[in-house]
Amino acid sequence: MTAVEIDGWVRALTAGGAERDAAVGRLHELLLRVAHAEVRRRGPRVGIDGAEMDDLAHQAAADALVAILAKLDGFRGESRFTTWACKFAILEVSTKLGRHFWRRPGVAMDAEDWEQLPARFGFDPGERAEWGQLMEALRVAVDESLSARQRRVFVALVLNGVPLDALVIELGSNRNAIYKMLFDARRKLRAALAADGHIDDEPGRRA
Amino acid sequence: MNGRAALEHFLTTDPRDAGCDQTMEDLHVYAELVLRDEAAARRLRPDLAIHLDGCGPCAEDLAGLLAALRYA
């Protein structure tokens, strides 16, 4: 027996009338609980609370419900239905928190204060003699090895600490594309630093 | 993790990395595997495990989903 049959959710959600309405209501309650918990878990880190938190959770639950009902055919029974459904609520919260980031004052995406770079990796300011050359080499590699778009993504994500989901919205892109751009940039930077003897060559790379 | 180790981690890429799209597609399946046995989940889906080690946003989503499954 498949998870689809065990759950019964798909059958109820595709039934007509009162059975479907009741299932949609139960699903919305679940999504709202999950969205509330996720916003409470992550909200304080991005500076939202109170009514704003509540509003974001309601929007996330509503949008997740719409997405789930539109994609019911995509549920393949590889997990419990509720696990699959909860994922939509979590992803909606992520997207909405990314949008919220840009409402904060003083957010800079393209600012280039390179003095911040060592701190981004947790280098101790008192041990500059040990990392000064390495950081300078990294800065040169960013300028000389990356494409203009890779450089912009590096500056936003690494130098300025913009969350990836927020950058996705600002650039009108998607998470996978931005991640891939940074992934390729990381490879290029390692190669550049390794070529100059600053680090080992590709320790994490496997055939 | 000191600065040099953090930089090394940042610069380490793995061609088996599943990427965000595939990870989001399979996150619900992976989450249930993790709840049962995290080490086994990593063995079964190294592509997702590698991605989740390097992608903060996807790792955050997994953490949220695991939290939801634990209290649901």
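Let us look at the structure shown here. Predicted, not measured: the structure shown is a model, and the values here were computed from it. (Residues numbered from 1 in each chain as written. Chains lettered and ligands numbered in written order. Predicted model: local features only at pLDDT ≥ 70, side-chain atom pairs only at ≥ 80, totals over all residues. Heavy atoms only, no water.)

**With respect to the overall build of chain A**
Across its full length, chain A carries 10 helices and zero strands. Each helix and strand of chain A, placed in order from N terminus to C terminus, yields the pattern α-α-α-α-α-α-α-α-α-α. On C-alpha atoms alone, chain A measures out to a radius of gyration of 22 Å, which is more than a quarter above the 17 Å that the 2.2 N^0.38 rule sets for 207 residues. On the principal axes, the C-alpha backbone points of chain A span a range of 70 × 45 × 30 Å. Among the 207 residues that make up chain A, the fraction classed as buried is 48%. Here the analysis covers contacts within chain A between residues at least 6 apart in sequence; of these, 64% occur between residues at least 24 apart. Taking the average place of the 30 positive charges on the side chains of chain A and the average place of its 31 negative ones, the gap between the two points comes to 4 Å. (Helix = DSSP H or I, 4+ residues; strand = E, 2+ residues; numbered from the N terminus. Rg over C-alpha atoms; globule rule 2.2 N^0.38 Å. Buried < 20%, exposed > 50% of the residue type's maximum accessible area, 1.4 Å probe, protein only. Contact = heavy atoms within 4.5 Å. Lys, Arg positive; Asp, Glu negative; His and termini not counted. Charge placed at Lys NZ, Arg CZ, Asp CG, Glu CD.)

**Digging into the overall build of chain B**
When you go through chain B residue by residue, the secondary structure sums to five helices and zero strands. Listed N to C, the secondary structure of chain B is α-α-α-α-α in terms of helices and strands. Its C-alpha atoms give chain B principal-axis dimensions of about 40 × 25 × 20 Å. Taking the intrachain contacts of chain B between residues at least 6 apart in sequence as the baseline, contacts between residues at least 24 apart amount to 63%. For chain B, the computed accessible surface area is about 3200 Å², with 53% contributed by carbon and sulfur atoms. (Areas by Shrake-Rupley, 256 points an atom, 1.4 Å probe, with all protein chains shown as cover.)

**Quick notes on the environment of Arg99(A)**
Position of Arg99(A) relative to the elements: it lies in helix α5 (residues 81-101). In sequence terms Arg99(A) and Ala166(A) are 67 residues apart; their C-alpha atoms lie 5.9 Å from each other.

**With respect to the packing of α5(A) against helix α5 (residues 56-71) of chain B**
Describing two packed helices takes the angle between their axes plus the distance from one axis to the other. Between α5(A) and α5(B), the shortest axis-to-axis distance is 9 Å and the interhelical angle comes to 135°. Here α5(B) runs oblique to α5(A), going by the angle between their axes. In terms of crossing hand, the pair formed by α5(A) and α5(B) is right-handed. Only Asp61(B), Gly64(B), Leu65(B) and Leu69(B) of α5(B) make contact with α5(A), whose side of the interface consists of Thr83(A), Cys86(A), Lys87(A), Ile90(A), Leu91(A) and Ser94(A). (Axes fitted to C-alpha atoms, helices over the stretch in contact; angles between N-to-C directions. Parallel < 35°, antiparallel > 145°, perpendicular 65-115°, else oblique. Left-handed = near helix turned anticlockwise from the far one by under 90°.)

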